[in-house]
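Now for the letters of each chain:
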Amino acid sequence: MGARQRSHQRLACTSILICVAFAGACVVGPNYHKPEVASPPAFKEAPPDGWKTAEPHDDVPRGAWWQVYGIGELNGLEDQISISNQNVLMAMAQYREARDQVRAARSALFPTITTTPAITAGRANIARNAANGTVAAGSATSVTAVDYTLPVDLSYQADVWGSVRRSVTGASATADASAADLENVRLTYQAQLAQLYFQLHGLDGDANLLETTLELYGQSLQLTKDRLEAGVASGADVAQAQAQYDGTRAQWIDIGVARAQFEHAIAVLIGKAPADVTIPVSLLKTPPPAIPISVPSELLERRPDITAAERRAAAANEQIGIAQAAFYPTVMLNASGGFASTALSALFTWPSRFWTVGPQLAATLFDAGRRHAQVDIEEAAYDAAVANYRQTVLTTFQQVEDQLAALRILEHEAEAEGAAVKAAQDALDIANEQYRAGTVDYLQVITAQTTALQDQRTALDILTRRLTASVLLIEALGGSWG
């Protein structure tokens, strides 16, 4: 090997090393900082006593929070959400897609190596004088030539300005956002299932109350008919008692419509056809359990939708750097080597080798402001992502405050309604005794019965609302408290 050839090789190797070293020299664009949000020291609606402070962490998986209600049937239904709910499965697939996008982006940090082996055959007519090599008319001969090549090409874009690294970072942030979306979808449908479950069994309580009331109304109707036969009641009393009985029976039957719809909705949530799911009748009896409350600042690290919004802001920040890197030239390193020969037996011999190597610089000299516009676009997208993140935080605070207020107020309302139910039952008992004694007409009995039924149904409705509000509070808090 000659000195000049060795010098060229050293120069090529030096060029390669310089390009690789320069590739990690700098990263253009803004560094990401988590957007600041105003976080109150405590929730306004949180009761001063009787609430346990939670200790949530973003890295703790969302647990089986529904077990706090101690209902085995609900536990079994909730366990099927992550397995069979089609929307959750779709979110899982989207997360896998985002995770694979990170791998695809990271591959740009490494060179691409390709090979294109080829065998090329050609035929040519050669006319020469055998004695002196001059062309002689009519003496052309046909010759077939075969070329064998085995090249290996290397192409590498040096990440001089950090655009590739920012692409990887942005893809990772997007994957994190997708993972948070998955948790948010799972939490949303878990909470929706729990709400439907309590609403369904709230209707069971309504149906049971109306069924019991129908028995009492039937007894009152029979009593009125007996009094009519004895001549101490009028036909109007019987008509009123019959109308009240039939109207209440219609309400009892109508509950079946809403119950069937709730049952069908639960079936779809757990990924089954409505025909395959039957939920037995059960009555709601116990009030909601105490829900551990975290401070607002911890809530920011706990809600999956907040995490998703923050990660999307981080990904948008990386896009600004990628757009700014377009103002700088692109450094490409291309290398090619291999073997080439006209004889297959000599293809892998040392004289058949060849190689080329060298960097390439590409720069845009004029684009009529397209790159400036792209930077402005990415900055606007980042500002929008930050605003969405802050709005998500504010909405989260609102949801927690709403459900805390609902639970606090409904608890007081339940106490007041309990007193109203007792008073209405006492008034009904008195009206029945007075009617039997003949001191009041049947209209007063009907009025007392209607009031008692309304108060009892209202009490059941408040219990259902308290349970659903507790579910919404857990959802607003981000699910499990660890």
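All values reported here derive from a predicted model rather than from experimental measurement. (Residues numbered from 1 in each chain as written. Predicted model: local features only at pLDDT ≥ 70, side-chain atom pairs only at ≥ 80, totals over all residues. Heavy atoms only, no water.)

Draft legend 1. Spatial organisation of the overall build of the protein chain. Check the secondary structure of the protein chain and you find 10 helices and 5 strands. The burial tally for the protein chain puts 37% of its 482 residues in the buried class. About 26,100 Å² of surface is accessible on the protein chain, with carbon and sulfur atoms providing 57% of the total. (Helix = DSSP H or I, 4+ residues; strand = E, 2+ residues; numbered from the N terminus. Buried < 20%, exposed > 50% of the residue type's maximum accessible area, 1.4 Å probe, protein only. Areas by Shrake-Rupley, 256 points an atom, 1.4 Å probe, with all protein chains shown as cover.)

Draft legend 2. Broad picture of the nonpolar core. By size, the foremost hydrophobic cluster in this structure holds 46 residues, and its most contacted members are W65, Y69, F198, V400 and L473. Of all the elements, helix α5 (residues 163–230) adds the most residues to this core, at 10 residues. Sequence-distant contacts of Y69, defined by excluding residues within four places in its chain, comprise L74, F198, P289, L467, S470, V471 and I474. Ranked by size, the runner-up nonpolar core spans 14 residues in total, among them A241, Y442, V445 and I446. (Core = buried A, V, L, I, M, F, W, Y, C linked by side-chain atoms within 4.5 Å. Contact = heavy atoms within 4.5 Å.)

Draft legend 3. Seen up close, helix α8 (residues 304–325). With 22 residues, α8 ought to run about 32 Å at 1.5 Å a step, and its terminal C-alpha atoms sit 32 Å apart, in line with that. Among the 22 residues that make up α8, 17 are buried, leaving the element largely enclosed by the rest of the structure. (Expected span 1.5 Å × (residues − 1).)

Draft legend 4. Here's a closer look at unusual backbone geometry. If you check the backbone angles, A368 has positive phi at about 60 degrees while not being a glycine. Summarising the element assignment, A368 is placed in the loop between β5 (353–362) and α9 (370–437).

Draft legend 5. The arrangement of the packing of aromatic side chains in detail. Enumeration over the complete set of coordinates arrives at 7 aromatic pairs. Note on Y69 and F198: the rings are 5.0 Å apart at their centroids and 65 degrees apart in plane angle, and the pair reads as edge-to-face. In this pair, Y69 is assigned in the loop between α1 (3–23) and α2 (72–78) and F198 in helix α5, connecting sequence segments 129 residues apart. According to the relative accessible area criterion, F198 is buried, its value standing at 1%. Plain terms: the ring middles of Y197 and F198 are 5.8 Å apart, the flat faces sit at 75 degrees to each other, and that makes the pair edge-to-face. Here Y197 and F198 have matching classes, each one buried. Linked through ring pairs, Y69, Y197 and F198 together constitute an aromatic cluster. In this arrangement the basic side chain of R227 is found over the ring face of Y435, its NZ or CZ atom lying 4.4 Å from the centre. (Phe/Tyr/Trp six-rings, centres within 6.5 Å; stacked < 30°, edge-to-face > 60°. Lys NZ or Arg CZ within 6 Å of the ring centre and 35° of its normal.)

Draft legend 6. Highlighting the confidence of the model for the protein chain. Here the protein chain shows a mean pLDDT of 86. Residues at 70 or above account for 87%. Under a pLDDT of 50 for its full length, residues 50–61 has, in the predicted model, 24 contacts with residues more than four places off or in other chains. (pLDDT = per-residue confidence, 0-100.)

Draft legend 7. Broad picture of the pattern of salt bridges. All told, the structure shown has 15 salt bridges when counted by the stated rule. Taking the shortest distance from any N to any O, the salt bridge between R186 and E183 comes out at 3.1 Å. Taken together, the residues span about one helical turn, with R186 and E183 both in helix α5 at a distance of 3 residues. Judged by relative accessible area, which is 13%, R186 ranks as buried. Residue E183 is classed as partly exposed on the basis of its relative accessible area of 24%. The network of salt bridges with shared partners includes D176, E310 and R311. (Salt bridge = Lys/Arg side-chain N within 4 Å of Asp/Glu carboxyl O.)

Draft legend 8. Local environment of the environment of Y156. Mapped onto the secondary structure, Y156 falls in strand β3 (residues 140–158). In this structure, the C-alpha to C-alpha distance between Y156 and I113, residues 43 residues apart in sequence, is 8.8 Å.

Draft legend 9. View of the layout of surface pockets. Within this model, the largest pocket holds a volume of roughly 320 Å³. As for the largest pocket, its lining consists of 18 residues, and the residues nearest its centre are L216, S220, L428, N432 and Q449. Elements that contribute at least two residues to the lining of the largest pocket include exactly α5, α9 and α10 (442–476). No other element matches α5, which puts 8 residues into the lining of the largest pocket. Looking at side-chain class alone, the lining of the largest pocket contains 8 nonpolar, 8 polar and 2 charged residues. (1 Å grid on protein atoms, 1.4 Å probe; cavity = no way out; pocket = protein on both sides within 12 Å on 5 of 7 lines; lining within 4 Å. Points joined across faces, edges and corners; volume = space filled by probe spheres on them. Nonpolar A, V, L, I, M, F, W, Y, C, P; charged D, E, K, R; others polar.)

Draft legend 10. Broad picture of the side chain of Q403. Along the polypeptide, Q403 turns up in helix α9. Residue contacts for Q403: discarding those within four places in its chain leaves A469, L472 and L473.

Draft legend 11. Focus on the packing of helix α6 (residues 235–269) against α10. Interhelical geometry of α6 versus α10 gives an angle of 15 degrees and a closest axis separation of 9 Å. In terms of orientation, α6 lies roughly parallel with respect to α10. As α6 runs across α10, the sense of the crossing is right-handed. Contact residues: D237, Q240, A241, Q244, T248, Q251 and I255 in α6; Y442, L443, I446, Q449, T450, L453 and R457 in α10. For the contact of α6 with α10, the residue count by class is 6 nonpolar, 6 polar and 2 charged. (Axes fitted to C-alpha atoms, helices over the stretch in contact; angles between N-to-C directions. Parallel < 35°, antiparallel > 145°, perpendicular 65-115°, else oblique. Left-handed = near helix turned anticlockwise from the far one by under 90°.)

Draft legend 12. Inspection of helix α4 (residues 86–106) at higher detail. Counted at 1.5 Å a residue, the expected span for α4 with its 21 residues is 30 Å, and the 31 Å between its end C-alpha atoms agrees. Turning to α4, its buried residues are V88, A91, A98, V102 and A105. Projection of α4 onto a plane perpendicular to its axis shows the buried side chains occupying an angular sector of 95 degrees, all on one side. Set apart from the buried face of α4 by more than 90 degrees, the exposed residues are Q86 and R103. In the core, the buried residues of α4 are packed alongside α3 (81–84) and α5. Of the residues that open α4, the one with a side-chain oxygen 3.0 Å from the backbone nitrogen of N87 is N85. (Arc of directions from axis to C-beta. Polar contact = N/O pair within 3.5 Å; in protein donor to acceptor, adjacent residues only side chain to side chain.)

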